[in-house]
Amino acid sequence: MKCIKYLNLIIFYLCFFSVAAFTESNADKNKNTAEIIYTEGDNFEVLDSSGNSTGIDPYDAIGRKLNAGDIILTYENTYVEIQLLNSEHIIKIAENTDFRLERINVKRESSFKMLYGSIRAKVAMLSSEEKFRIRGNDAIAGVRGTDFGMTVVVPKEGGSVVPYTRVYCFKGIVEVEPVLKAEKNTGEPGIKPAVIKADEMVTISGE
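Please read these numbers as outputs of a predicted model, since none were measured by experiment.

Conventions we followed
- Residues numbered from 1 in each chain as written.
- Predicted model: local features only at pLDDT ≥ 70, side-chain atom pairs only at ≥ 80, totals over all residues.
- Heavy atoms only, no water.
- Helix = DSSP H or I, 4+ residues; strand = E, 2+ residues; numbered from the N terminus.
- Buried < 20%, exposed > 50% of the residue type's maximum accessible area, 1.4 Å probe, protein only.
- Contact = heavy atoms within 4.5 Å.
- Areas by Shrake-Rupley, 256 points an atom, 1.4 Å probe, with all protein chains shown as cover.
- Salt bridge = Lys/Arg side-chain N within 4 Å of Asp/Glu carboxyl O.

K.L.:
What is the right way to read the overall build of the chain from this model?
P.N.:
When helices and strands are tallied, the chain shows 1 helix and 15 strands. Buried positions account for 31% of the 207 residues belonging to the chain. Taking contacts inside the chain between residues at least 6 apart in sequence as the whole, the part at least 24 apart equals 53%. On the chain, roughly 12700 Å² of surface is accessible, and the fraction owed to carbon and sulfur atoms is 53%.

K.L.:
Before we go on, may I ask you to explain the pattern of salt bridges in this structure?
P.N.:
Oppositely charged side chains can form a pair if their charged atoms are brought close together. Scanning the model with the defined rule gives 3 salt bridges in all. Between Arg 100 and Asp 98 there is a salt bridge, with the nearest N and O atoms lying 2.8 Å from each other. Two residues, Asp 147 and Arg 120, come together in a salt bridge whose shortest N-O distance is 2.8 Å. In this pair, Asp 147 sits in strand β11 (residues 146-153) while Arg 120 sits in strand β8 (residues 109-123), placing the two residues 27 residues apart along the sequence. The exposure class assigned to Asp 147 is buried, which follows from its relative accessible area of 11%. Residue class for Arg 120 comes out partly exposed when judged on its relative accessible area of 31%.

What follows is the structure, given as structure tokens:
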């Protein structure tokens, strides 16, 4: 009887810790994802980091999860809104935009990249250890908790339009840092980041 009792006890602990480990792994996984919470129009696609379709149906996208590395491509008359899970951070992606989720809550850092197009991000107040950054072709916008917009314009081949990244601050404070050749160890001097407040804007030109 004692053997059976001890055996049942062992089985109980094994099952308990298995469930706990499964729950914890799922929680960790959820921390590294975002979710589509709103769409307007259905002319968009979601690709993984390799450029393959994730299988998200534009007609049934609300509630679908996104992972770090995913790419959201919106086309004409289509807008997509995502929220980082376990947070109040919301990113609104405008039409004709290439938006990439690089890191989501990895070591308290979330970073994104936009090759072209426009977004608006409402970022809840962050702790001193947390970082939230969006990188355009010419500038990086970093915030602690604010409401801001970002537009990346890239000229077509043969066009005369100069590429630029424009950052708007609607609320709070945004620090905008130019992407310089100095980052590639060319020895060129750096430029201090621009700090903009509510109702201010800064434009970083490709030149």
